[in-house]
Each structure stands twice: as structure tokens, then as C-alpha cells.
Amino acid sequence: AAVLEIGPGPGWAGIRLLERNPGFRLVGVDASTDMIRAATANASARGLGGRVVYRPGTAEALEGVPPDSVDLVISRDSLHHWEDPRRAFDSILRVLKPKGSLFLRDERRDISAGAWAFVWGFGTLTMGSLSRYWRSSIRAAYTPGELEALVPKAAGREWRIQGGFLDLTIVLR
């Protein structure tokens, strides 16, 4: 299967997917050259260098990916960084095969007071001063309702947006 990972950061989600699925090949697109270097090094260290390529790019600009060429698009914690999510979703639909799938997970902004207490407590305990970046990501994230307005109509396809305690998941089948 051909997999596209948007915003892989250091690459761990895609690397785990490749380790569990020997027939998969992955292209990772990230706006950060530092993250591309880190993901490439991490994949090589795990012996996956021949099955993965990381390159510069954004979700909105997938020009290097041919139309209808991807079986699965994945993304973890990058949606709130996308400049134009509507354009990004259109771009994803362009490269996704007609029966391809999308699995995206990101923070959600409308978390409960209890969830915020968890973020402050657990985040500070485990990440110290770096927990401010987690809180910043939550504040920049979307609500399920906002995402429903952003995902384009896809003939014969169903978008599913599910909210969890701290995050939300978008699936297209």
C-alpha cells in the first residue's frame, strides 16, 4: 500500500505503521527540514530507509504526489498547523485513490474543564515548561463542528469526525 503521512515530525507514527505492515511504503511531507532530517534518521535506524521517503511540503501543496496514487493518508497532531485546512482536504482528496482512506488525529480546542486540569497537571508533571506547547496546540486546534464545515463533500465517501477526551479523529472511507 502507498501511504502518505502529513506532518510526520520525527516520524514515529509512520515508522510504527511500516514495522507492522511489511508491504507498505510511505512518503512523509513536512514543512520543517529539521523534522525531515529527524524522521529520516529514525526510519534508517529502524532499517526502514528503503521503504520511506521524507520530503519538504505542506498538506495544502501535495503537487509532488500524483493524483489517485495513495491508499492511505495519515496525520497526527499537525492539522492545527495547516494554513488552509479546506484546501488541504481538497489536496488530500486529489491524491487519494477512489477507495483510499484517511486517518487523522489532532488536538481539540473544546475540551472540558476536567481535561484542561489534566493537561495542566499531567503536562507540567511530565513535560515541565515544555507543556506550554501542548496547551498552545490545544488552543490552536479545531472543534468537531468547525471541522465538519471544513471537510469537502466527496461523492460516495463518508467523513467521520469523532471527539475524544483530549483529541479528535477524522476518518474518510
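Scroll up to find the structure.
Note that the structure is predicted; figures quoted are calculated from it, not measured.

**Remarks on the pairing of strand β1 (residues 2-6)**
Here β1 lies mainly inside the structure; four of its five residues are buried. Handedness of the crossover joining β1 and strand β2 (residues 25-30) through helix α1 (residues 12-20) is recorded here as right-handed. Of the pairings in the sheet, the one linking β1 to strand β4 (residues 70-76) comprises four bridges and is parallel in character. By the bridge assignment for β4, leucine 4 is matched with valine 73.

**A word on the pattern of salt bridges**
Under the criterion given, the structure shown has eight salt bridges. For glutamate 19, the salt bridge goes to arginine 46, with nearest N and O atoms at 2.7 Å. Taken together, the residues span a long stretch of sequence, with glutamate 19 in helix α1 and arginine 46 in the loop between α2 (33-45) and β3 (52-56) at a distance of 27 residues. Given a relative accessible area of 37%, glutamate 19 falls into the partly exposed group. One continuous salt-bridge network, built from bridges that share partners, spans Arg76, Asp77, Arg105 and Asp167.

**Some points on a nonpolar patch on the surface**
Where nonpolar side chains cluster on the molecular surface, the patch consists of Phe118, Phe122 and Phe165 and spans about 300 Å² of accessible area. Position of phenylalanine 165 relative to the elements: it lies in the loop between β6 (159-163) and β7 (167-172).

About the cut-offs
- Residues numbered from 1 in each chain as written.
- Predicted model: local features only at pLDDT ≥ 70, side-chain atom pairs only at ≥ 80, totals over all residues.
- Heavy atoms only, no water.
- Buried < 20%, exposed > 50% of the residue type's maximum accessible area, 1.4 Å probe, protein only.
- Helix = DSSP H or I, 4+ residues; strand = E, 2+ residues; numbered from the N terminus.
- Right-handed = clockwise from strand over helix to strand, strands pointing away.
- Pairing = 2+ DSSP bridges.
- Salt bridge = Lys/Arg side-chain N within 4 Å of Asp/Glu carboxyl O.
- Patch = residues over 30% accessible without salt bridge, like charges linked within 9 Å, V, L, I, M, F, W, Y side chains within 5 Å.
- Areas by Shrake-Rupley, 256 points an atom, 1.4 Å probe, with all protein chains shown as cover.

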